[in-house]
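Examining the three-dimensional arrangement
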Amino acid sequence: MDMGQIVLLMVAAAGAGWIDAVVGGGGLVQLPALLVAGVPPVQAMATNKFSSVFGTASAAVTYALTTKIDKRVAVPAGLAAVLLSGLGASAVTLISKEALIPLVMAVLVGVALFVTFRPALGTHPRPQLGTPARTLAAIGVTGVGIAFYDGIIGPGTGTFLIIAFTVILGMDFVDGSAHSKIVNFCTNVGALLVFGFQGEVLWLLGLGMAVCNIAGAQLGARMALRRGAKFVRIVLLCVVAAMVAKLGYDRFLAA
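Residues numbered from 1 in each chain as written. Predicted model: local features only at pLDDT ≥ 70, side-chain atom pairs only at ≥ 80, totals over all residues. Heavy atoms only, no water.

A closer look at the overall build of the chain
If you tally the helices and strands in the chain, you get ten helices and zero strands. Counting helices and strands in the order they occur from the N terminus, the chain gives α-α-α-α-α-α-α-α-α-α. The C-alpha radius of gyration of the chain comes to 17 Å, within 12% of the 18 Å expected for a compact globule of 255 residues. Referenced to the eigenvectors of the C-alpha coordinate spread, the extents of the chain come out at roughly 55 × 35 × 35 Å. Taken over 255 residues, the chain has a buried fraction of 53%. Counting contacts in the chain only where the partners sit at least 6 residues apart, residues at least 24 apart contribute 83% of the total. Working note: accessible area of the chain is about 11,000 Å², and carbon and sulfur atoms make up 74% of it. On the chain, the mean spot of the 16 positive side-chain charges and the mean spot of the 9 negative ones are 12 Å from each other. (Helix = DSSP H or I, 4+ residues; strand = E, 2+ residues; numbered from the N terminus. Rg over C-alpha atoms; globule rule 2.2 N^0.38 Å. Buried < 20%, exposed > 50% of the residue type's maximum accessible area, 1.4 Å probe, protein only. Contact = heavy atoms within 4.5 Å. Areas by Shrake-Rupley, 256 points an atom, 1.4 Å probe, with all protein chains shown as cover. Lys, Arg positive; Asp, Glu negative; His and termini not counted. Charge placed at Lys NZ, Arg CZ, Asp CG, Glu CD.)

In structure tokens:
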């Protein structure tokens, strides 16, 4: 790998950290960059997780210092996420991603339409929705369903987490992003443990990318906290559109 490719990966890691900290979806930038640099697919996924775990941890700490975290949701969802994302990573070679990608695209399009036609969604908190039943549902959706998805394929995990917390528990987009970072950190840890045990992580490259990912994550988290839910909503819609385009190109147009 030449110096130009390394510089490209560092820049991609910083951009991915920024996107992840605001709305999730940093893998849209970082994972393709690793593949373009010639890293084999499984090693690219593993190294992406290694880099991302530092960025999500950094963003989670920044959000936690200024945002009230609901431990009733974050703790059990995070613990479940470690296990389920690890299971997903273990099954990564058993399930056809080609079959899953159209489904993921359909869900992303649904998310974009839902957010577009409900402009008030996520702009103000609705704490009355935080009932015990909805709390349990949020733990199941984020700590089990989305966590398993992150381990086995990944794109859009942070975005799905934000939408889940916003729709199910009535959080605004900033609070949803804060809680998503905690769960996303745990999903990264679970998958990373599996990939590390399998010897798939490029540790030195991943460490350099992790430093850049942290820098981007700090900038993104601070911007989201400063500019508020409307800013997060706009970035979310842009990232969802980019993810649909990228997944569609990879699935249907790429040779």
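What follows continues from the structure just given.
Considering the side chain of Thr157
When you line up the elements, Thr157 lands in helix α7 (residues 157–169). On the basis of relative accessibility, which here comes to 3%, the residue Thr157 falls in the buried class. In terms of polar contacts, Thr157 uses its side chain to reach the side chain of Asp150, at 2.9 Å. (Polar contact = N/O pair within 3.5 Å; in protein donor to acceptor, adjacent residues only side chain to side chain.)

Focus: the environment of Asp2
Position of Asp2 relative to the elements: it lies in the segment before α1 (3–22). Counting along the chain gives 45 residues from Asp2 to Thr47, while the straight-line C-alpha distance between them is 18 Å. A polar atom in the side chain of Asp2 sits 2.8 Å from the backbone nitrogen of Gln5.

A closer look at the packing of aromatic side chains
Applying the stated criterion across every chain, the model contains four aromatic pairs. A ring pair is formed by Phe50 and Phe54, whose centres lie 5.3 Å apart and whose planes are at 90°; its orientation type is edge-to-face. Linking Phe50 with Phe54, this pair stays in helix α3 (residues 41–66), spanning four residues, or about one helical turn. Judged by relative accessible area, which is 8%, Phe50 ranks as buried. Judged by its relative accessible area of 33%, Phe54 falls in the partly exposed class. On the basis of an interplanar angle of 85° and a centroid distance of 5.1 Å, the ring pair of Phe50 and Trp203 is categorised as edge-to-face. Of the two residues, Phe50 sits in helix α3 while Trp203 sits in helix α9 (residues 203–227), which places them 153 residues apart along the sequence. Here Trp203 falls in the partly exposed class, since its relative accessible area comes to 47%. These aromatic residues form a ring-pair network of at least three members: Phe50, Phe54 and Trp203. One residue, Arg227, lies across the ring of Phe231, its end atom 5.3 Å from the ring centre. (Phe/Tyr/Trp six-rings, centres within 6.5 Å; stacked < 30°, edge-to-face > 60°. Lys NZ or Arg CZ within 6 Å of the ring centre and 35° of its normal.)

With respect to the nonpolar core
Membership of the largest hydrophobic core comes to 56 residues, with the highest contact counts inside it found for Val23, Leu108, Phe173, Val232, Leu236 and Val240. A per-element tally of this core places helix α10 (residues 229–253) first, with ten residues. Residue contacts for Leu108: discarding those within four places in its chain leaves Phe160, Val240, Met243, Val244 and Leu247. The next biggest cluster of nonpolar side chains, apart from the first, holds 23 residues, and it includes Ala13, Ala37, Val39 and Ala191. (Core = buried A, V, L, I, M, F, W, Y, C linked by side-chain atoms within 4.5 Å.)

Observations regarding a nonpolar patch on the surface
On the surface, Met3, Val7 and Val11 cluster together into a nonpolar patch covering about 300 Å² of accessible area. Of note, Val7 is situated in helix α1. Here Val7 falls in the partly exposed class, since its relative accessible area comes to 44%. (Patch = residues over 30% accessible without salt bridge, like charges linked within 9 Å, V, L, I, M, F, W, Y side chains within 5 Å. Salt bridge = Lys/Arg side-chain N within 4 Å of Asp/Glu carboxyl O.)

A word on the packing of α7 against helix α8 (residues 173–197)
Contact geometry for α7 and α8: axes closest at 8 Å, N-to-C directions at 125°. As far as their axial angle goes, α8 and α7 are oblique. The two elements α7 and α8 meet at a crossing, and its hand is right-handed. The residues of α8 that touch α7, namely those facing Thr157, Gly158, Leu161, Ile162, Ile163, Phe165 and Thr166, are Phe173, Gly176, Ser177, His179, Ser180, Val183 and Asn184. (Axes fitted to C-alpha atoms, helices over the stretch in contact; angles between N-to-C directions. Parallel < 35°, antiparallel > 145°, perpendicular 65-115°, else oblique. Left-handed = near helix turned anticlockwise from the far one by under 90°.)

A short note on the packing of α9 against α10
The N-to-C vectors of α9 and α10 enclose an angle of 125°; their axes lie 6 Å apart at closest approach. When the axes of α9 and α10 are compared, the pair comes out oblique. Here Met223, Ala224 and Arg227 of α9 lie close against α10, whose contacting residues are Ala229, Phe231 and Val232. Grouping the amino acids of the contact of α9 with α10 by side-chain chemistry returns five nonpolar, no polar and one charged. (Nonpolar A, V, L, I, M, F, W, Y, C, P; charged D, E, K, R; others polar.)

Things to note about the pattern of salt bridges
For the structure on display, the rule yields two salt bridges. In this structure, Lys49 and Asp150 form a salt bridge, with 2.8 Å as the shortest nitrogen-oxygen distance. You can see Lys49 sitting in helix α3 and its partner Asp150 sitting in helix α6 (residues 132–152), a full 101 residues away along the chain. Grouping residues by exposure puts Lys49 and Asp150 together as buried. Measuring nitrogen to oxygen at the nearest pair gives 2.9 Å for the salt bridge that ties Asp70 to Arg72.

Note that every value here comes from positions in space, so none of it alone points to a role or purpose.
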